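The residues making up each chain are set out below.
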Amino acid sequence: MPDVYEKVAIVDPSPGKGTSWVAAGMLAAVTEAYYGEELELHLNMAAANLWKSFAETLSEKSGIDIGYRQVGTLVVAGGNDDRSYIRELYDYQTSLKLNVEWLSASEVRELVPQLAPSVRGAMLAADDYQVDPRLVVKALTQIITAKGYSLLPTRATSVISDSKGNSRGSAGNSFRIILEAGNDLHADKIIVCTGPWISQLNGLPRFVSSAVRPVKGEIVRLAAFDSSLLPAHTIRGITNGRSIYMVPRADGTLVIGATMEEKGFDTAVRSGAVFDLLRDARALLPITAELSFQETIAGLRPATPDNGPIVGSIDESGGLIVAAGHYRNGVLLAPITAVAVNALIQSDEKGVPQEVIPFSPSRLERIA
Ligand SMILES: Cc1cc2nc3c(=O)[nH]c(=O)nc-3n(C[C@H](O)[C@H](O)[C@H](O)COP(=O)(O)OP(=O)(O)OC[C@H]3O[C@@H](n4cnc5c(N)ncnc54)[C@H](O)[C@@H]3O)c2cc1C
């Protein structure tokens, strides 16, 4: 990505501590492919293809290993009904020519001996990898600080457009950003990337600000004293009709998630949610009952009416850019969103990846 930006400020009261801090870090283009979401699938696949070089660049520039692991994902069936459901999903994903393989109960237990003997079979998505989102935001913060960009630890309350001309006196808009800390910023280009909190920023068109709603998800983190006790693969599964995933990290942490609840901006961790996750985790992977308890946390997925992200400019000058609404796949979508936003900042419409174009904000006017 060319370094063309003269002066950059990042306004955020707690950078890197939003939803991205909570996320499990699955790069799950294939196992997140659902019926009727073919546009999202093309976008997710394109994003997954960018991850290897994105991870290498982040690690190289920050000196931080961000935990990008090319280990593959299994979707395991806890019972016969769960097996039928996953088998249907497998047939659908095969029809889309995705790289999935069906494994019988004995084949999957041979691959992952830690699984419960009751597991009825599984689908292997060998190309669905993982990364550690906490290390990704740490690396990004380190890189932007080293570049000398300002990090302003406050909230933006409003964005105001001034159509008289930009700050260099040429045609085009400039913008004023009102900060909670009391002062204003002026900019020719603004990227609004406030995750699930976009509705709380004044001055945006209603079809954008009202399009994102928070969907709560709880996560439990356990730890093994020896990482070889954990499976190498990410284990997604269905047991008694309920979905669960377990993401093993190289340091012996196991990230278990996640609930899906529509409760506004509430991020309290519900004891019943933790119980459900631990029960279902143990049903598929009994070793979880022996691990030590590390953390529970809840985050807010930025969801949109069609489950797709919102990436594009929303004013005539092209200077007011939105990158939000990434719902369940914001970590996966980070590199392709960066490519699109970089092109939009430079008014290079052709540089926006074609898979991103269906997710422009203007579509929301039609579905609002
Ligand atoms: C439980 C759970 C598990 C998930 N697992 C995965 C996964 O495995 N893989 C995956 O790809 N995705 C996953 N996601 C989704 C992913 O976390 C999100 O899509 C992604 O983190 C959204 O990133 P973001 O940068 O838009 O938002 P955030 O990470 O929330 O960042 C938004 C930032 O904006 C700041 N902000 C908000 N309002 C203002 C304001 N007015 N002024 C200034 N700053 C402001 C916040 O402080 C925050 O730092 C998961 C989400 C949850 C909740």
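Please read these numbers as outputs of a predicted model, since none were measured by experiment. (Residues numbered from 1 in each chain as written. Predicted model: local features only at pLDDT ≥ 70, side-chain atom pairs only at ≥ 80, totals over all residues. Heavy atoms only, no water.)

1. Structural notes on the nonpolar core
- Ranked by size, the top nonpolar core spans 32 residues in total, and within it L27, W51, I66, Y68, V131, I336 and V356 carry the most contacts.
- Discounting chain neighbours no more than four positions away, the residues touching V356 are L43, V311, I336 and A340.
- Among the nonpolar cores identified, the runner-up in size contains 25 residues, and V220, L254, I256 and L285 belong to it. (Core = buried A, V, L, I, M, F, W, Y, C linked by side-chain atoms within 4.5 Å. Buried < 20%, exposed > 50% of the residue type's maximum accessible area, 1.4 Å probe, protein only. Contact = heavy atoms within 4.5 Å.)

2. Observations regarding the site of the ligand
- Taken together, 35 residues lie around the ligand, and D12, T19, S20, M26 and A156 are the ones closest in.
- Separating an oxygen atom of the ligand from a backbone N or O atom of M26 is a distance of 2.8 Å.
- Protein contacts shield 92% of the accessible area of the ligand, which totals 1,000 Å² for the unbound molecule.
- Sorting the residues of the shell around the ligand by element identifies α1 (19-22), β12 (213-223) and β16 (292-303) as the ones contributing at least two each.
- The greatest single-element share of the shell around the ligand, amounting to 4 residues, is contributed by β16.
- Its residues assigned to classes, the shell around the ligand comprises 18 nonpolar, 13 polar and 4 charged.
- If you count residues domain by domain, the shell around the ligand takes at least three from each of domain 1 (1-68 + 130-211 + 304-368) and domain 2 (73-126 + 213-303). (Near = heavy atom within 4 Å. Polar contact = N/O pair within 3.5 Å; in protein donor to acceptor, adjacent residues only side chain to side chain. Areas by Shrake-Rupley, 256 points an atom, 1.4 Å probe, with all protein chains shown as cover. Helix = DSSP H or I, 4+ residues; strand = E, 2+ residues; numbered from the N terminus. Nonpolar A, V, L, I, M, F, W, Y, C, P; charged D, E, K, R; others polar. Domains from an automatic or database assignment.)

3. Notes on the sheet that holds strand β11 (residues 190-192)
- Ordered by their spatial adjacency, 3 strands build an open sheet running β11-β18-β17, and the pairing between neighbours is mixed. One side of each edge strand has no neighbouring strand; the edge strands of this open sheet are β11 and β17 (310-313). Averaged over all pairs of adjacent strands, the angle between their axes in this sheet comes to 15 degrees, without regard to strand direction. (Pairing = 2+ DSSP bridges. Axes fitted to C-alpha atoms, helices over the stretch in contact; angles between N-to-C directions.)

4. Regarding the domain arrangement of the chain
- When cut into domains, the chain gives domain 1 (1-68 + 130-211 + 304-368) and domain 2 (73-126 + 213-303).
- On a C-alpha basis, the centroid separation for the pair domain 1 and domain 2 is 28 Å.
- In total, about 2,700 Å² of surface goes out of reach between domain 1 and domain 2, with carbon and sulfur atoms giving 60% of it.
- Summed over the three residues of domain 1 that lose the most area to domain 2, namely V22, Y35 and Y327, the buried surface amounts to 23% of that side.
- There are 3 salt bridges connecting domain 1 and domain 2.
- Linking domain 1 to domain 2 there are 13 residue pairs in polar contact (both at pLDDT 80 or more).
- Taken together, the elements giving at least two residues each to the side of domain 1 that touches domain 2 come down to α1, α2 (38-62) and α5 (133-146). (Buried area = accessible area lost by both parts, 1.4 Å probe. Salt bridge = Lys/Arg side-chain N within 4 Å of Asp/Glu carboxyl O.)

5. Side note on unusual backbone geometry
- Cis geometry marks the peptide bond from G257 to A258, where omega comes out at -20 degrees.
- Relative to the assigned elements, A258 resides in the loop between β15 (253-257) and α7 (271-284).
- Look at K97: it is not a glycine, yet its phi comes out positive at around 60 degrees.
- Position of K97 relative to the elements: it lies in the loop between α3 (80-95) and β4 (100-103).
- Overall, the relative accessible area of 73% leaves K97 in the exposed class.

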